[in-house]
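# What the coordinates show
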Protein chains: 2
Amino acid sequence: MARATVQDVAKTAGVSVGTVSRVLNKSPAVSESSKEKVTAAIRQLNYRPLASARDLRRDRTMRILALAKNLNSPVISEAFRGVGDAAASSGYVSLIAPTAGDLEREQQLVDMLRNGSVDGLIMFSPTMPDEDVNEMAEQLSVVQVCEIADSEAAFGVSIDDRQAAFDITRHLIETGGRRLAMIGNRAARSGRLREEGFRQAAAEAGMSPDQMLFVEGEFDFHSGRQLTRKLLTADPLPDAVFCGSDTVAAGCVREITDAGLRVPDDIAVAGFDDSIQAEMCVPELTTIRQPAYDMGRVAFEALFARMTEPGEHRRGRTFLPHELVVRDSTKG
Amino acid sequence: MARATVQDVAKTAGVSVGTVSRVLNKSPAVSESSKEKVTAAIRQLNYRPLASARDLRRDRTMRILALAKNLNSPVISEAFRGVGDAAASSGYVSLIAPTAGDLEREQQLVDMLRNGSVDGLIMFSPTMPDEDVNEMAEQLSVVQVCEIADSEAAFGVSIDDRQAAFDITRHLIETGGRRLAMIGNRAARSGRLREEGFRQAAAEAGMSPDQMLFVEGEFDFHSGRQLTRKLLTADPLPDAVFCGSDTVAAGCVREITDAGLRVPDDIAVAGFDDSIQAEMCVPELTTIRQPAYDMGRVAFEALFARMTEPGEHRRGRTFLPHELVVRDSTKG
DNA sequence: GTTGCATTTGGAATCGATTCCAAAATTGGT
DNA sequence: ACCAATTTTGGAATCGATTCCAAATGCAAC
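So, a few notes on the structure that sits alongside this text. Along every chain, residues carry numbers that run from 1 in the direction the sequence is written. Here chains are named by letter from A upward and ligands by number from 1 upward, in the order in which they appear as written. Only residues with pLDDT of at least 70 are given local features in this predicted model, and only at 80 or more are side-chain atom pairs given and counted; all residues enter the totals for whole chains, interfaces and linings. Neither water nor hydrogens contribute to the side-chain values; these are computed over all heavy atoms in the structure.

We now examine the sheet that holds strand 7 (residues 213-216) of chain A. Hydrogen bonding along the main chain pairs the strands of a sheet, whether they run parallel or antiparallel. Residues and elements named next belong to chain A. Within the open sheet, the four strands sit side by side as 7-6-8-9. Their pairing is parallel. Single-partner strands in this sheet number two, and they are strand 7 and strand 9 (268-270). In this sheet, neighbouring strand axes are inclined to one another by 15° on average, regardless of whether the strands run parallel or antiparallel. Any two strands with at least two DSSP bridges between them are considered paired. Put simply, DSSP H or I for four residues or longer makes a helix, DSSP E for two residues or longer makes a strand, and each gets a number counted from the N terminus. For strand 8 (residues 240-243) and strand 9, the ladder comprises three bridges, and the chain directions are parallel. Note that in strand 9 the partner of Phe242 across the bridge is Ala270. Here a residue-residue contact requires only that any non-hydrogen atoms of the pair lie within 4.5 Å. Geometry is summarised by axes, namely lines fitted to C-alpha atoms with helices restricted to the contacting stretch, and by angles between N-to-C directions that run from 0 to 180 degrees. Lying on the sheet, helix 9 (residues 189-204) is in contact with strand 6 (180-184), strand 7 and strand 8; it crosses strand 6 at an angle near 175°.

All right, on to the protein's contact with DNA strand D then. Put simply, a residue is near a molecule or strand once any heavy atom of it comes within 4 Å of that molecule or strand. Looking at DNA strand D, there are 30 residues lining it, with A:Ser34, A:Arg57, B:Val6, B:Tyr47 and B:Arg57 nearest. Restricting attention to atoms of DNA strand D within 4 Å of the protein, one finds that 62% of them are sugar or phosphate atoms. Any N or O atom pair separated by 3.5 Å or less is treated as a polar contact, with the protein-specific requirement of one donor-capable and one acceptor-capable atom, and with residues adjacent in sequence counted only for side-chain atom pairs. In this structure, A:Arg57 approaches DNA strand D through a side-chain N or O atom, which is 2.5 Å from a base oxygen. Among the elements of the structure, helix 2 (17-24) and helix 4 (51-58) of chain A together with helix 2 (17-24) and helix 4 (51-58) of chain B are those that each provide at least two residues to the surface near DNA strand D. Residue contributions to the surface near DNA strand D peak at five residues, all from helix 4 of chain B. By residue class, the composition of the surface near DNA strand D is 13 nonpolar, ten polar and seven charged. Each residue is assigned to one of three groups, with Ala, Val, Leu, Ile, Met, Phe, Trp, Tyr, Cys and Pro labelled nonpolar, Asp, Glu, Lys and Arg labelled charged, and all others, Gly among them, labelled polar.

With that out of the way, let us pick up the protein's contact with DNA strand C. Taken together, 29 residues surround DNA strand C, and among them A:Val6, A:Arg57, B:Ser31, B:Ser34 and B:Arg57 come closest. In the interface set of DNA strand C, defined as its atoms within 4 Å of the protein, sugar plus phosphate atoms amount to 62%. At a separation of 2.8 Å, a phosphate oxygen of DNA strand C approaches a polar backbone atom of B:Ser16. Counting residues per element, the ones that place at least two in the surface near DNA strand C are helix 2 and helix 4 of chain A together with helix 2 and helix 4 of chain B. A total of five residues in the surface near DNA strand C trace back to one element, the largest contributor, which is helix 4 of chain A. Here the surface near DNA strand C is built from residues that sort into 13 nonpolar, nine polar and seven charged.

What follows deals with helix 3 (residues 32-45) of chain A. Residue and element names in this part refer to chain A. For helix 3, built from 14 residues, the straight-helix expectation of 20 Å at 1.5 Å per residue is met to within 8% by its first-to-last C-alpha distance of 20 Å. Residues of helix 3 that are buried in the fold lie against helix 1 (6-13) and helix 2. Phi turns positive, to about 55°, at Asn46, one or two residues after helix 3. Helices are assigned an expected span. That span is 1.5 Å times one less than the residue count.

This is the structure we're talking about:
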């Protein structure tokens with residue numbers, strides 16, 4: 001049995017296609033009796049309006065797409081919940097696709113915006129170079145979350161990464177940290193900003209750059225362990241480590257503990273994100289809470305504005321407040 | 001500047017729309033010179049074929065959608081990688097949407113298949129009742145992963161949950177477990193199968209049902225802690241706990257440790273999934289490895305078959321092999 | 001230069017839902 | 001019963017890409 005069309009429904013209901021369409025779109029200009037006939041025919045034929053035909057005619061899809069490198073990041077999945085809820089309450093469907101850091105796949109997904117498969121795009125962690133992101137941001141309905149490219153045209157939502165890193169580093173210093181280390185990631189803009197905040201806090205406390213250790217790598221548990229192993233060869237040992245994510249911090253704590261040292265007594269460790277990992281770790285991690293869900297909501301609102309007022313270029317990046325969460329991995 | 005259409009390209013290139021379309025679709029029946037003119041015009045106008053028009057005419061979208069309750073489950077995100085890679089190599093784009101366990105939202109997303117927004121659907125953890133899943137599975141291109149509804153018409157890929165639970169429970173018994181407990185989840189079919197396997201292994205070892213503790217709840221860390229607290233009020237205490245997921249097991253280990261008991265000496269703990277949580281836990285968890293990536297690949301292959309040979313109803317469920325991974329949370 | 005065959009091209013019809021306009025039906029007032 | 005105002009309806013045009021068919025062009029051989 002082939003798919004029923006609006007024509008079939010019209011014939012079955014004994015009305016015209018116009019009337020069927022009016023019923024579908026809840027136009028008030030339909031008599032009660034036609035509405036009933038049409039509704040009955042729709043049910044009888046199990047009819048659903050074909051999306052591509054509707055989208056073609058209406059010139060919009062009521063769908064948006066979010067892109068991220070991975071899905072298993074707690075911040076991203078939480079932010080996406082925010083996007084999804086905000087989108088739903090505006091009648092949009094929100095979809096996600098992981099790029100896996102593959103440029104070609106990312107390009108293909110971005111093309112879904114260019115070719116009208118979706119009305120808007122939310123980018124969490126772009127793989128493409130900043131200049132390409134900026135070019136896109138100028139012409140298309142795109143909003144960045146967490147990572148915001150450094151451009152006039154960039155629309156985006158994030159926390160103030162530099163300030164957050166500054167705050168937590170200051171906490172490490174105030175609780176006795178004298179030989180600081182950081183496990184970071186210069187590949188991401190947010191990673192570079194966090195490094196800046198870290199260095200600035202250390203400098204203000206009178207530490208010279210060569211007193212600070214810095215190592216970088218991927219942001220997963222194993223990488224956290226491996227990079228910490230490198231830190232533990234330093235002499236003198238660091239007494240406080242700021243990690244760019246909770247997962248890395250968990251690896252860091254594990255490696256320190258396995259080496260027979262105590263956290264925080266011998267070495268204090270701080271994370272970032274306040275994900276569930278921070279609570280699963282022993283000792284529980286001092287970290288920075290990102291308001292991920294709200295970031296998602298706000299990002300959708302910004303995207304909605306771009307989609308519905310295309311001329312309007314009230315660009316802007318929004319910074320939401322972060323929060324220092326002190327737990328047992330630093331001296332309290 | 002409005003969007004360029006195939007007409008605009010034809011005019012600019014000085015050819016007909018037919019020729020433009022042939023170039024776009026790499027038809028061989030185009031002269032070299034036309035091809036160049038068209039390619040130049042496309043670049044000049046920055047033209048992209050409109051997806052909805054193409055989809056309408058072709059009656060397919062080359063897109064598939066995967067639905068899951070949450071995105072942050074390690075098994076799901078890994079399985080989705082498999083889906084994505086397999087889909088990409090067949091020219092499909094794969095998208096994900098979380099349902100958050102909300103029936104209405106799930107319904108709306110499933111409608112994307114019914115209304116032709118996507119060509120196929122992969123369901124990880126349905127919220128709708130089994131009978132609805134079965135009805136869908138009969139008429140539409142749907143493949144289930146992990147959770148497979150119990151129906152003739154069901155297409156799906158998973159491990160043998162019952163057998164896996166049986167295997168790991170036997171391991172608990174072989175390593176000295178005498179008073180077994182399980183933290184499970186009867187809401188999911190896979191949860192019920194795991195409970196069956198658990199009970200069967202215990203029964204075969206001569207344990208009576210009332211010797212076994214069973215508690216159930218959500219599958220997250222906090223729930224794992226809370227349910228374990230309940231188990232620790234039992235007298236005598238269990239000496240081996242099988243948890244339905246690594247995350248729950250991590251909560252279980254934490255609660256046991258906080259109570260001053262040792263894992264595995266006082267109580268052995270086993271998880272499920274072999275996610276990164278299993279390695280992050282101290283002690284590292286004995287668990288069941290699910291071949292999540294491969295499950296995703298196989299699921300796409302099955303879906304591809306359903307999409308391309310709609311008549312063909314060689315239904316079937318595929319079970320991929322699981323693996324017992326022994327680590328320090330059980331006695332070796 | 002003509003014939004025959006293969007290659008290339010133009011253009012109309014098509015996919016299915018929406019929307020606009022004019023025509024038809026209904027309503028109400030007198 | 002008639003007119004005007006309003007509500008409701010039918011049907012054609014439209015969105016943009018694809019595809020089919022017929023026409024046109026190119027090429028080779030004689």
